[in-house]
Amino acid sequence: MIYSCMHTHTTFCDGEADAHTMCAAAWSRGFTSIGFSSHAPVTKKTGLKTGWHLPDERLEEYIAAIRREQKLWEGKLEVYLGLEVDFIRGLCGPADRDIQDLPLDYIIGAVHYVASPKNGELFTVDSPPEEFEHGLEDLFDRDGRALYDAYYDAYGAMISAGGCDILAHLDLIKKNNRGFAFFSPDAPEYLNRLERIADLAAEARTAGAQAGGRIPVVEVNTGGIIRGRTAEPYPSPAMQGRLYRRHVPLTINADAHGPDQLGGAYEIARETMISAGYGGMLIFKGRKDGRALWREEAL
Ligand SMILES: [Zn+2]
Ligand SMILES: [Zn+2]
């Protein structure tokens, strides 16, 4: 199996190690490539103050640091520059002009924030359990369906807006659903949500190809397994099957926040993909003439 990870965080945002340490770890583990995807700055655009995004004023420094690693590892390890860009309804997203104009190799689109239908207050669906309880209780009146509806509405809007090379952790909403505490992943209304998102992903690929825009690939993200929060990757085997039937290709990422997480649980990801019907996965190969390049590798 080829090892590569395009979803990697460093001390520029909420990662534990600097880019050089992450490259060295990838190299020693036999990776062919590593891509950096710091959480894109949000403060200047949205007013949100967080401890986990790249500060606006460090964006240039981040770009320079990753480009430096790219040169340093040339001929040994392919190093790519990306960002994980938050889609926050009405505030910001991967399709924003300023993001699209950055000199990046790729853009990962992600939904972490949902807004309360009561008062518009934002909260992150992958927050620690106590904080999540507050969100579910106070902002969504313990209505699990309203919460996942808000999440998938946002996710669908992000896909339709375009501008993503990779769609991040598609069903992140399950991270805090231990013991199916707030929704049943087998409920027809939940599965309908997955169907709709799979349709949108397939439509966005067609639209991207026709318009000469970005053609999104879905990542199989092992971060939840690595951190002991989920038993399966994002997206679930059920969702992977839906994507397979619509010919949406997958790539495997660890959402690594430290060197030890690189390549974590890839075998599980691989098995779920094979069960879903996939015979191959995509490996990122850079950007040429505005187009993301991918190579298909057997699983
Ligand atoms: Zn994320
Ligand atoms: Zn991430």
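When you go through the protein chain residue by residue, the secondary structure sums to 10 helices and 11 strands. Computed over C-alpha atoms, the radius of gyration of the protein chain comes to 18 Å, within 12% of the 19 Å expected from 2.2 N^0.38 for 299 residues, which places it in the range of a compact globule. If you line up the protein chain on its principal axes, its C-alpha atoms span 55 × 45 × 40 Å. Put simply, the protein chain has 299 residues, and 46% of those count as buried. In the protein chain, once contacts between residues fewer than 6 apart in sequence are set aside, the share between residues at least 24 apart is 73%.

Right, let's get into the sheet that holds strand 2 (residues 33-39). Taken together, the 7 strands give an open sheet; going across it, the order is 1-2-3-4-7-8-9, and neighbouring strands pair in parallel fashion. Each having just a single partner strand, strand 1 (4-5) and strand 9 (250-253) make up the two edges of the open sheet. The pairing of strand 8 (residues 217-221) with strand 9 spans 4 bridges and is parallel. Bridged to Asn221 within strand 9 is Asn253. Against the sheet, helix 3 (residues 59-72) contacts strand 2 and strand 3 (78-86), and its axis sits at roughly 155° relative to strand 3.

Conventions we followed
- Along each chain, the written sequence defines residue order, and numbers are assigned to residues from 1.
- Just so you know, chain letters begin at A and ligand numbers begin at 1, following the order they were written in.
- Owing to the predicted nature of the model, reporting of local features is limited to residues with pLDDT of at least 70; listing and counting of side-chain atom pairs is limited to 80 or more, with chain, interface and lining totals taken over all residues.
- Helix and strand definitions here come from DSSP, where helices need a minimum of 4 consecutive H or I residues and strands a minimum of 2 consecutive E residues; each element is numbered from the N-terminal end.
- For a compact globule the rule gives 2.2 Å times the number of residues to the power 0.38, and the radius of gyration it is set against comes from C-alpha atoms.
- Partly exposed residues are those whose C-beta has more than 12 but fewer than 20 other C-beta atoms within 10 Å; 20 or more makes a residue buried and 12 or fewer makes it exposed, with C-beta atoms placed from the backbone.
- Two residues qualify as a contact pair if the distance between their C-beta atoms, derived from the backbone, is within 7 Å.
- For two strands to be treated as a pair, DSSP must find no fewer than two bridges joining them.
- Angular values range over 0 to 180 degrees, each being the angle between N-to-C directions of two axes fitted as lines to C-alpha atoms, with helices fitted over their stretch in contact.

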